[in-house]
Amino acid sequence: MKTIGIFYFSGRGNTELVADIIRDKFEELGCTVDLIRMEDIIKAGLHLDPDQYDYLGIGCPVIGFGVPRLVMEFIGDLPNSDGKKTFLFRTTGGVAPMNYNASRPIIRSMVKKGYEVKYERIFFEATKSTAEAMSMEILCGEQRVLKTGTGLQLLMGMARILSSGVLPFMGKNLIADPSCTHCGLCIKNCPSGNIHEKAGRIRFGHSCSSCMRCIDSCPNQAIRFRILSFLNNNLQRY
């Protein structure tokens with residue numbers, strides 16, 4: 001019986017849906033699976049022991065052509081490994097070659113720590129058939145790492161660097177309008193601890209992961225972009 005640890009970060013819910021499908025298929029195939037949110041590990045100050053698993057899975061969305069800072073924090077806290085088999089799955093608004101390079105920071109960091117990334121897949125939506133096929137391919141030992149040409153790697157690498165400098169400040173562009181009831185759900189649900197209440201106002205800091213979970217969790221849809229107001233029309237709940 002194979003043991004699998006899947007650790008994921010999901011902002012708006014798509015990655016969590018994919019993670020649930022992957023877990024269910026692994027269990028159907030006779031595996032023992034732990035499915036744990038990265039933020040729960042970080043907030044509790046827990047130390048992960050990858051040696052308890054035959055396979056380690058990392059899941060998260062593509063944000064700004066790159067990796068959410070919380071995910072890189074989680075990977076940074078991982079202990080060194082001696083060739084632990086690892087698979088990645090990412091969710092994104094479009095499966096295109098420009099997104100193939102989005103996992104490079106994860107792969108690079110994990111390889112430096114001694115992990116062997118054997119498999120990678122990007123999901124445009126939580127397609128059950130694709131997620132189930134992924135589970136079977138991993139157990140069969142199939143290798144699948146997405147690659148592009150050098151030119152696109154350089155272009156998307158620059159885009160990733162630029163966005164990584166901007167995205168943490170996205171939270172400072174958010175406001176809670178007068179329909180806010182101060183229920184505290186945005187504060188509770190923020191994976192980065194970027195939201196707090198002071199002097200009767202909901203305030204946003206500089207450590208935003210740009211996951212938009214606060215917007216989705218607000219029952220009154222009171223959280224909106226201030227300066228980047230054109231983005232408000234594109235906000236959709238998942």
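Figured I'd write up the structure that's included with this text. None of these values were measured; they are calculated from a predicted model. (Residues numbered from 1 in each chain as written. Predicted model: local features only at pLDDT ≥ 70, side-chain atom pairs only at ≥ 80, totals over all residues. Heavy atoms only, no water.)

What to know about the packing of aromatic side chains
Note the following rule: A pair of Phe, Tyr and Trp rings is counted when the ring centres sit within 6.5 Å of each other, with Trp represented by its six-membered ring. The angle between the planes then sorts it: under 30 degrees is stacked, over 60 is edge-to-face, the rest tilted. Labels follow the DSSP assignment, with helices taken as runs of H or I lasting at least four residues and strands as runs of E lasting at least two, numbered in each case from the N terminus. Only protein chains enter the accessibility calculation, which uses a 1.4 Å probe; a residue whose area is less than 20% of its type maximum is buried, one above 50% is exposed, and one in between is partly exposed.
Counting across every chain of the model gives three aromatic pairs. With 6.1 Å between their ring centres and 75° between their planes, Phe 7 and Tyr 53 make a pair best called edge-to-face. Here the residue Phe 7 occupies a position in strand β1 (residues 3-8), and Tyr 53 occupies one in the loop between α2 (38-44) and β3 (55-61), the gap between them amounting to 46 residues. Per residue, the accessibility class of Phe 7 equals that of Tyr 53, and both read buried. Between Phe 26 and Phe 87 the ring centres are 5.8 Å apart and the planes differ by 45°, which places this aromatic pair in the tilted class.

Things to note about the sheet that holds β1
The line we're drawing: DSSP calls a pair of strands paired once it identifies at least 2 bridges connecting them. Helix axes use the C-alpha atoms of the stretch in contact, all axes being lines fitted to C-alpha atoms, and the angles between their N-to-C directions lie in the range 0 to 180 degrees. Contacts are assigned to residue pairs with any non-hydrogen atoms lying within 4.5 Å of each other.
Ordered by their spatial adjacency, five strands build an open sheet running β2-β1-β3-β4-β5, and the pairing between neighbours is parallel. Single-partner strands in this sheet number two, and they are β2 (32-37) and β5 (116-123). Here the strands of the sheet are splayed against their neighbours by 15° on average, with no regard to which way each runs. Direction of pairing for strand β4 (residues 85-91) relative to β5: parallel, over a ladder of seven bridges. In the sheet register, Leu 88 faces β5, and the bridge partner there is Glu 120. Helix α1 (residues 14-28) rests against β1, β2, β3, β4 and β5 of the sheet, and its axis sits at about 140° to β4.

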